[in-house]
Amino acid sequence: MGTLSPQAVLVLTVVLLGLWAPRVVYGQPNFIVILADDVGWGDLGANWAETKETPHLDQLAAEGTRFVDFHSAASTCSPSRASLLTGRLGVRNGVTHNFAITSVGGLPLNETTLAEVLQEAGYSTGAIGKWHLGHHGRYHPNSRGFDYYFGIPYSHDMGCTDTPSYNLPPCPSCPRHSAAARVARKDCYTEVALPLLENVTIVQQPVDLGSLARRYAEEAARFIQRASDSRRPFFLYLALAHMHVPLWDPQPPPTTGRGIYGASLREMDALVGRIKQVADSHGKGNTLVWFAGDNGPWAQKCELAGRLGPFVGAWQRQRGGSSAKQTTWEGGHRVPALVYWPGHVPAKRTSRALLSTLDIFPTLVALAGAALPPNRRFDGLDVSPVLFGWSDEGHKVLLHPNSGAAGKDGEIETLRLAQYKAFYTTGGAMACDGSTGPAEHHQPPLVFNLDRDIQEQEPLDVASREYQAVLPKISRAYAQALEDIAADNVSVADYSKDPAVIPCCNTQHVACRCHGAPTATLELHTERRTTRLCL
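What you see is a predicted model, and the numbers here were worked out from it, not measured in a lab.

Novice: What is the right way to read the sheet that holds strand β14 (residues 412–417) from this model?
Specialist: Sheet strands pair by backbone hydrogen bonding; their relative direction is either parallel or antiparallel. Taken in spatial order, the four strands of this open sheet run β13-β14-β15-β16, and their pairing is antiparallel. Two strands in the sheet have a free side with no partner beyond their single neighbour: β13 (397–401) and β16 (437–449). With strand direction ignored, the average angle separating the axes of adjacent strands in the sheet is 20°. Lying over the sheet, helix α13 (residues 465–486) contacts β13, β14, β15 (420–428) and β16, oriented at roughly 125° with respect to β14.

Novice: Explanation requested: the packing of aromatic side chains in the structure shown.
Specialist: When we look at a pair of aromatic rings, we describe it by the centre distance and by the angle of the planes. Scanning the entire structure with this criterion turns up 17 aromatic pairs. Taking 5.7 Å as the distance between ring centres and 75° as the angle between the ring planes, the aromatic pair formed by Trp 329 and Phe 448 counts as edge-to-face. Separated by 119 residues along the polypeptide, Trp 329 in the loop between α9 (314–317) and α10 (330–333) and Phe 448 in strand β16 bring together distant segments of the chain. For Trp 329, a relative accessible area of 1% corresponds to the buried category. Phe 448 sits in the buried class, given a relative accessible area of 0%.

Novice: Sorry, what's going on with the packing of helix α7 (residues 212–229) against helix α8 (residues 259–281) here?
Specialist: Helix-helix packing is characterised by the crossing angle of the two axes and by the distance between the axes. Contact pair α7 / α8: the axes reach a minimum separation of 10 Å and the direction vectors enclose 15°. Classified by the angle between their axes, α7 and α8 sit roughly parallel to one another. Crossing hand, α7 versus α8: right-handed. Of α8, the residues touching α7 (which contributes Ala 213, Ala 217, Ala 220, Ala 221 and Ile 224) are Glu 267, Leu 271, Arg 274, Ile 275 and Val 278. The class makeup of the residues in the contact of α7 with α8 is eight nonpolar, no polar and two charged.

Novice: Honestly, the state of the cysteines in this entry has me stumped. Any pointers?
Specialist: Two cysteines form a disulfide when their sulfur atoms are joined by a covalent bond. Evaluation of the coordinates by the stated rule reveals two disulfides. Put simply, Cys 302 and Cys 432 are joined by a disulfide, and their sulfur atoms are 2.1 Å apart. Between Cys 302 and Cys 432, the S-S torsion sits near 105°, and that sign places the bridge as right-handed. Of this pair, Cys 302 sits in the loop between β9 (287–293) and α9 while Cys 432 is found in the loop between β15 and β16, placing the two residues 130 residues apart along the sequence. Overall, the relative accessible area of 46% leaves Cys 432 in the partly exposed class. A disulfide bridge connects Cys 504 with Cys 512, and the sulfur atoms are separated by 2.0 Å.

Parameters at a glance
- Residues numbered from 1 in each chain as written.
- Predicted model: local features only at pLDDT ≥ 70, side-chain atom pairs only at ≥ 80, totals over all residues.
- Heavy atoms only, no water.
- Pairing = 2+ DSSP bridges.
- Helix = DSSP H or I, 4+ residues; strand = E, 2+ residues; numbered from the N terminus.
- Axes fitted to C-alpha atoms, helices over the stretch in contact; angles between N-to-C directions.
- Contact = heavy atoms within 4.5 Å.
- Phe/Tyr/Trp six-rings, centres within 6.5 Å; stacked < 30°, edge-to-face > 60°.
- Buried < 20%, exposed > 50% of the residue type's maximum accessible area, 1.4 Å probe, protein only.
- Parallel < 35°, antiparallel > 145°, perpendicular 65-115°, else oblique.
- Left-handed = near helix turned anticlockwise from the far one by under 90°.
- Nonpolar A, V, L, I, M, F, W, Y, C, P; charged D, E, K, R; others polar.
- Disulfide = S-S within 2.5 Å.

Next up, the structure:
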């Protein structure tokens, strides 16, 4: 083997220093992960020219890198969030479908979260917004590695409110003892009110949704300031309520643009812009901001659903049902994604690397100089070379779990291999017209070439040379993935339910309300809450 020339040694030294620069030269970076709820790939103006409501996100894209082949780890709420925070698919971490307000359990306690790893590495950790991974006992964010939590513990349409809007029921005051009055008054809604938590304390019930975006921005700014004052690096996980259903009902309703949805999208965009401004004010270049969606649009909400862009799942639409949220069609899991880190992540760059929210965990752990938890396998990759523009190679194989539209929840029956996407099961979620697409099993699988058919309209002819050439590779990759999962340490989530665990700050009211009243504190280390659902 020949010796390296002095010039080659110099080049190698520069490269190696560059590889270590983000962590060693600049210390541990701060991290902000912003997760939007039910946002469409086409809801980002930088992705889809028809969208005009996202100037701040578009600016973030211009100053950072935009990822156009980026995917959520599942196409519904709880599994997607569990995978982001563990780097593992639901079939490994146990979270295969959504938790309820009565759920006793949550993300299995033997799973290690990104916050726990970063906390051990010296980070100040905060979660603001939607949690939806269990709120009772040790499943609460404060017991899962987050020093600070502020938000609604599940989706903001899973309870009543004093500020009703689209898909949000009203929540008038109904004293517990007036059962006869409740029968007579049809406007006396008996569902438990949405709680707003600060750590383990219910600070408001029902939540004032009209001020929620502002409060999230304020609490994020306070958390960043506290971390800065402590001279510790920070990790902020900001899980937005937007764009699930609108937070408020503007009067008069917007008559231009995309109406209520467009107004809500502008509000989300302004919130992201505010977070970027705060991060930059604490040292531009010190903080990596990663924006992504948790899954695709909720099509059954009709005009209140986001834009799919070109990812319409035409094959499924022809057979009924939606090809968006809850499905394994591109519209269900291909989401907008941006990474902004001045001086590290190239600006004005578009990457076509095949990436996933699964990659956030191992990438941030690596950048923090920490180690992945042992005795388990990860589906995510350290994609820092892609972030820094040194590579555009992501996953060779990416698995898409069933998320409610067809097949058993969490099972892997769709697989991406390079430009090819293979479906062993297909199905459509509920569409705007109320239709659903029945589950269909395919053996051999349906295979689409996404390079030529991004709309997933026409699967390859099984008799074609192309299909016959790629099928063995797909079959081998699928078999290897299932074998790897079977050999892993797999967790099982507790999906049992008990009304006693519903957060309730005042049991004297049917809906549980505490405006101006003493607040209630959740108990993190008990089997059951002492407060009870009042019906």
